[in-house]
Amino acid sequence: MAKLSDHESSLVPKYLQEDDLSQECKELIPTLPLEKGWISTNFHQYQGFWISTMFLQATLSCQKHFQALDTDILLVTTPKSGTTWLKALTFALLNRNKYPNIHNNHPLLTTNPHVLVPFLEVDIYYDKDFVPDLKTLSLPRLFSTHIPYVLLPNSIKESSCKVVYLCRDPKDTFASLWHFSNKVRPQCSEPLPLEESFEKFCRGVCLFGPFWEHVLEYWKESLEKPEKVMFLKYEEMKVKPNFYLKKLAEFLGYPFSKEEESEGVVDAIVNLCSFEKLSNLEVNKTGKVGFGVENKDYFRRGQVGDWKNLLTVEMVEQLNTIVEEKLGKHGLNF
Ligand code: PAP
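Remember, predicted model here, so these are calculated numbers, not experimental data. (Residues numbered from 1 in each chain as written. Predicted model: local features only at pLDDT ≥ 70, side-chain atom pairs only at ≥ 80, totals over all residues. Heavy atoms only, no water.)

### Observations regarding the packing of helix 10 (residues 194-202) against helix 18 (residues 313-326)
Link 1 in the chain: Contact geometry for helix 10 and helix 18: axes closest at 11 Å, N-to-C directions at 10°. With respect to their mutual orientation, helix 10 and helix 18 come out roughly parallel. Seen from helix 10, the contacting residues are L194, E195, F198, F201 and C202; seen from helix 18, they are M315, Q318, L319 and I322.
Link 2 in the chain: Of the residues that constitute the contact of helix 10 with helix 18, the class distribution is seven nonpolar, one polar and one charged. (Axes fitted to C-alpha atoms, helices over the stretch in contact; angles between N-to-C directions. Helix = DSSP H or I, 4+ residues; strand = E, 2+ residues; numbered from the N terminus. Parallel < 35°, antiparallel > 145°, perpendicular 65-115°, else oblique. Contact = heavy atoms within 4.5 Å. Nonpolar A, V, L, I, M, F, W, Y, C, P; charged D, E, K, R; others polar.)

Okay, structure coming up:
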């Protein structure tokens, strides 16, 4: 790809700037299988997972530089599995004493959840020349990532930090991903043909895919180390958000007291973080997150089963069969 001039670079959102690569990445890329990306130009298959050029570089940088603390909390998802929601809920629960007045003055009322909880690969390690000092952050440090388990920095696996994994019915994940990709693709590009994108998703070719391998790794970890990895499902959280928020608080070591429950703190956090509330805030209707995606693009419908408005009967059968074969035998169903 030809290098952009400074002026051109300033017009292109950060997530589409792909020409400023580390030497390590430049040497690695030609050795990896290649596919066309959904949003970015390319995907590279690294240790079994399809990753865009810049996220590959950021993943390598994260592996090299990130030092987990025992008190850290890491929120993990495949893209479009409910990341924004999980970030909001976890931020609000950890900071409930700092911001007791949820209806006035709460950061989530004026700041997008992605700004409050940075992604390791999107916000922290994206730039090849800059490794931020994370020692000054207040504890517990809260980060998020889409990085597959196999590619996480060792210190995350070896420390006692907590990992919260949220997954979503792959049919809705695919639908959300397809809509999102069409919104944030470079302006001059055509919309992604649905059939072609679906075929790629079924082959595992999507950001940090295959979807099922990503989910399975964290599912197995959660079974082996339930004190370290908590596994949540979007659909279950939609049905019983209060129940799962309390479970999350217990898992993280910040349980709600009886007084807090009777004072309605759990309800207040669930309401504040609901799709209806967040998507209607001015901050989430305007503005952009640091890497250039518009805040509003993180809020579409926020429903379970919206795939029914997109997928054909044949597509549903095909995806259900794959998911049953890959995940059903491990006890994971949607
Ligand atoms: P990311 O992985 O790219 O960060 P993520 O937040 O997982 O994004 O994806 C957005 C999806 O979560 C959208 O789903 P949809 O396309 O099916 O509508 C978005 O609507 C949904 N979402 C965002 N905020 C919430 C929320 N507070 N509650 C439930 N769903 C939400």
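Structure's up, so let's keep going.
### Focus on unusual backbone geometry
Generally, phi is negative for residues other than glycine and the peptide bonds are trans, each holding for most cases.
Link 1 in the chain: Cis geometry is adopted by the peptide bond preceding P140, which originates at L139 and carries an omega value of -5°.
Link 2 in the chain: By the secondary structure assignment, P140 is in the loop between helix 7 (120-124) and strand 5 (142-145).
Link 3 in the chain: Between G209 and P210 the backbone carries a cis peptide bond, its omega angle lying at 5°.
Link 4 in the chain: By secondary structure assignment, the location of P210 is in the loop between helix 10 and helix 11 (211-224).
Link 5 in the chain: One non-glycine residue with positive phi stands out, namely Q47, at about 45°.

### Some remarks on the site of the ligand
Link 1 in the chain: With respect to spatial proximity, 23 residues lie near the ligand, and among them K80, T83, T84, S176 and R301 are the closest.
Link 2 in the chain: Between an oxygen atom of the ligand and a side-chain N or O atom of T84, the distance comes to 2.4 Å.
Link 3 in the chain: Taking Y234, its side chain carries an N or O atom lying 2.7 Å from a nitrogen atom of the ligand.
Link 4 in the chain: Protein burial of the ligand: of its 640 Å² of free accessible surface, 98% is covered by the chains.
Link 5 in the chain: For the shell around the ligand, the elements supplying multiple residues, two or more each, are helix 4 (83-94), helix 12 (234-239) and helix 16 (275-279).
Link 6 in the chain: It is helix 4 that provides the largest number of residues to the shell around the ligand, a total of three residues.
Link 7 in the chain: Classifying every residue of the shell around the ligand gives nine nonpolar, nine polar and five charged. (Near = heavy atom within 4 Å. Polar contact = N/O pair within 3.5 Å; in protein donor to acceptor, adjacent residues only side chain to side chain. Areas by Shrake-Rupley, 256 points an atom, 1.4 Å probe, with all protein chains shown as cover.)

### Concerning helix 9 (residues 170-184)
Link 1 in the chain: With 15 residues, helix 9 should cover 21 Å at 1.5 Å per step; its first-to-last C-alpha distance of 20 Å lies within 8% of that length.
Link 2 in the chain: Those residues of helix 9 not exposed but buried are P170, K171, D172, T173, F174, A175, S176, L177, W178, F180, S181 and V184.
Link 3 in the chain: On its buried side, helix 9 packs onto helix 10, helix 11 and helix 18.
Link 4 in the chain: Taking the backbone nitrogen of K171 as reference, a side-chain oxygen 2.8 Å away marks D169 as the first, capping residue of helix 9. (Expected span 1.5 Å × (residues − 1). Buried < 20%, exposed > 50% of the residue type's maximum accessible area, 1.4 Å probe, protein only.)

None of the figures reported here should be taken as evidence of function without further support.
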